[in-house]
Amino acid sequence: MSSLIKRDVQILGMSIGFRSKGPIIWAHAGSQIAIDAMRDVVSRIRLIESSVTYVLTAPLMAEVQENDIKILQDSEAQSSIDFLTKYSPDLCLWTDESISSPLFLLIKRFSIPVVLVNAKIGMLPSRSWIWRKTAARQAVRSVSFALAKTAEDASNLRSFGLSRKSMAVLGPLNAGIVPPNCDDTERDHIAQVLMSRPTWFAQGVPEQEHELVLETFILAQRSAHRMLLILDTPNADPNEIKALCETYKLNVSTRFEEGEPDASTQVFLTDDKVFEDGLWYRLAALSYMGGSFSDGNVSNPMIPAALGSAIIHGPVLGAFSNSYIRLRLKGATRQIDSKAMFAQVMGKLMAPDECAELASNGWGVVSEGAGAIDQIVEVSLQKLGFGD
């Protein structure tokens with residue numbers, strides 16, 4: 001059934017093959033959207049029950065590049081048997097993938113309880129109707145609960161023998177986000193220091209974009225006076241970044257020296273030894289996602305969207321491209337396709353009404369996935385024996 005592609009992977013700090021003392025969730029996702037959603041689900045479950053560990057798998061798909069995903073193909077049965085024997089999962093979340101898959105049919109042999117999440121339920125169309133019906137009934141015997149995408153899907157599952165009380169209609173599956181915390185007292189203090197200055201957070205800016213961001217800032221200041229740039233440059237020498245800012249005649253303060261910006265600060269350098277993105281996203285009206293004009297190593301845009309910051313980015317979107325597309329289609333981000341347009345668009349977007357509209361649309365996208373994710377988390381914890 002499946003040959004496991006060897007990767008340098010760890011599950012929550014434990015080497016592959018180590019059987020945790022706590023319950024293990026196996027989340028199998030058939031699309032990038034489902035992968036993002038399952039990563040969100042297991043993260044939330046871990047926040048509630050830290051004893052739970054997990055492994056994420058997907059069928060062979062060109063778009064799956066994350067190194068925390070194991071690839072399971074329906075080609076070699078012994079490899080899949082070895083996988084299930086090695087992990088012995090306590091619960092399977094089968095998401096956005098066909099239940100006619102040989103891998104799914106194998107689950108019953110291992111007596112693994114299954115929660116279906118928006119599963120594809122078409123059964124082997126080349127066979128006769130009676131054969132398909134029989135195969136479907138056999139397949140769903142391992143299903144303890146099903147969250148169907150539509151009422152029609154729920155009806156089909158009932159025709160295969162799944163009881164009405166063992167299912168619910170979930171709707172479209174979209175990943176939500178658990179945003180990083182910050183010190184609320186410090187946030188309020190720095191906000192008071194800023195005194196409503198237009199604030200731009202350039203997050204995760206790689207070396208090849210340092211000059212682009214600074215030059216954009218200088219030009220954008222012409223239409224957004226008193227603008228503050230909070231500049232995050234991971235793995236860069238802070239003294240070199242400070243010196244670069246000074247060559248542009250910009251007044252610089254740093255998190256690791258001054259601690260906070262003052263009224264004269266134009267560029268404020270973050271401390272990359274301390275993860276404080278949650279603080280800067282909350283303070284910034286607008287966030288630029290670094291890497292989107294170069295290597296594509298961009299951060300998850302759902303985080304600033306969840307924290308009320310409008311989002312701007314370039315054309316290279318990397319692993320989170322699906323999330324960026326979702327946000328852009330809802331009017332929650334602004335994509336800049338050329339460096340020449342960067343400053344012009346930045347200056348316009350720093351207007352309070354422009355930022356507020358993007359931020360509001362972003363929050364709408366984040367919140368629309370929250371209910372579905374919460375429902376999956378609740379059902380999963382119940383099936384693992386946690387909660388009512």
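This write-up is about the structure you can find in this document. (Residues numbered from 1 in each chain as written. Predicted model: local features only at pLDDT ≥ 70, side-chain atom pairs only at ≥ 80, totals over all residues. Heavy atoms only, no water.)

**Looking at the packing of helix α7 (residues 210-220) against helix α8 (residues 238-247)**
Stage number 1. The contact between α7 and α8 brings their axes to 11 Å, and the two run at 40°. The angle between α7 and α8 places the two elements in the oblique class. Here the hand of the crossing between α7 and α8 comes out right-handed. Contacts between α7 and α8 involve His210, Glu211 and Leu214 from the first element and Ile241, Leu244 and Cys245 from the second.
Stage number 2. Counted by class, the contact of α7 with α8 contains 4 nonpolar, 1 polar and 1 charged residues. (Axes fitted to C-alpha atoms, helices over the stretch in contact; angles between N-to-C directions. Helix = DSSP H or I, 4+ residues; strand = E, 2+ residues; numbered from the N terminus. Parallel < 35°, antiparallel > 145°, perpendicular 65-115°, else oblique. Left-handed = near helix turned anticlockwise from the far one by under 90°. Contact = heavy atoms within 4.5 Å. Nonpolar A, V, L, I, M, F, W, Y, C, P; charged D, E, K, R; others polar.)

**Digging into the pairing of strand β10 (residues 199-203)**
Stage number 1. Where burial is concerned, most of β10 is hidden: 5 out of the 5 residues are buried.
Stage number 2. Every second residue of β10 is oriented toward a common face, with Thr199, Phe201 and Gln203 on one face and Trp200 and Ala202 on the other, all of them buried.
Stage number 3. For β10 and strand β11 (residues 228-231), the ladder comprises 4 bridges, and the chain directions are parallel. Bridge pairing links Trp200 to Leu229 in β11.
Stage number 4. Taken together, the 4 bridges between β10 and strand β14 (residues 286-289) define a ladder with parallel strand orientation. Each residue of the ladder has a partner; that of Phe201, found in β14, is Ser287. (Buried < 20%, exposed > 50% of the residue type's maximum accessible area, 1.4 Å probe, protein only. Pairing = 2+ DSSP bridges.)

**Quick look at the environment of Thr57**
Stage number 1. Position of Thr57 among the secondary structure elements: in strand β4 (residues 53-58).
Stage number 2. Separated by 19 residues in the primary sequence, Thr57 and Met38 have C-alpha atoms spaced 10.0 Å apart.
Stage number 3. Not counting residues up to four positions away in its chain, the partners in contact with Thr57 are Trp26, Ala27, His28, Ala29, Ile69, Lys70, Leu72 and Phe83.

**Overview of α7**
Stage number 1. Those residues of α7 lying buried are His210, Leu212, Val213, Leu214, Thr216, Phe217 and Ala220.
Stage number 2. Where α7 is buried, its residues contact β10, β11, α8, β13 (267-269), β14 and α12 (339-349).

**Section: the sheet that holds β4**
Stage number 1. Strands sit in the order β5-β4-β3-β6-β7-β8-β9 across an open sheet of 7 strands; the sheet is parallel. Two strands lie at the open edges of the sheet, namely β5 (69-71) and β9 (167-169), each paired on one side alone. Taken pair by pair, the neighbouring strands of this sheet meet at an average axis angle of 20°, ignoring direction.
Stage number 2. Pairing between β4 and β5: 3 bridges, direction parallel. Bridging from a neighbouring strand, Thr57 pairs with Lys70 of β5.

**Here we look at unusual backbone geometry**
Stage number 1. Although it is not a glycine, Asp96 sits at a positive phi angle of roughly 55°.
Stage number 2. The residue Asp96 is located in the loop between β6 (91-95) and α3 (102-107) in this model.
Stage number 3. Overall, Asp96 belongs to the partly exposed group, its relative accessible area being 21%.
Stage number 4. Its identity as a non-glycine residue notwithstanding, Ser196 has a phi of 65°, on the positive side.
Stage number 5. Within the secondary structure, Ser196 is located in the loop between α6 (184-194) and β10.
Stage number 6. The exposed category is assigned to Ser196, whose relative accessible area is 72%.

**Observations regarding the pattern of salt bridges**
Stage number 1. Applying the stated criterion across every chain, the model contains 9 salt bridges.
Stage number 2. Glu276 is the partner of Arg255 in a salt bridge, and the nearest nitrogen-oxygen pair spans 2.8 Å. Highlighted residues: Arg255 in the loop between β12 (252-254) and β13 and Glu276 in the loop between β13 and α9 (277-283), separated in sequence by 21 residues.
Stage number 3. Three or more residues are tied together by salt bridges with common partners; here these are Asp40, Arg44 and Asp374. (Salt bridge = Lys/Arg side-chain N within 4 Å of Asp/Glu carboxyl O.)

**Details of the packing of aromatic side chains**
Stage number 1. Under the counting rule described, the total for this entry stands at 9 aromatic pairs.
Stage number 2. Measuring from centroid to centroid gives 6.1 Å for Trp200 and Phe342, while their planes differ by 70°, and the two rings are edge-to-face. Note that Trp200 is positioned in strand β10 and Phe342 in helix α12, a separation of 142 residues in sequence. Note on accessibility: Trp200 and Phe342 belong to one class, buried.
Stage number 3. Between Phe268 and Trp280, the aromatic rings sit 5.6 Å apart at their centres with planes inclined by 70°, giving edge-to-face as the arrangement. Taken as a pair, Phe268 in strand β13 and Trp280 in helix α9 lie far apart in primary sequence, 12 residues in all.
Stage number 4. In this structure an aromatic cluster arises from ring pairing among Trp26, Phe83, Tyr87, Trp94 and Phe104. (Phe/Tyr/Trp six-rings, centres within 6.5 Å; stacked < 30°, edge-to-face > 60°.)

These results come straight from atomic positions and should not be treated as a statement about function.
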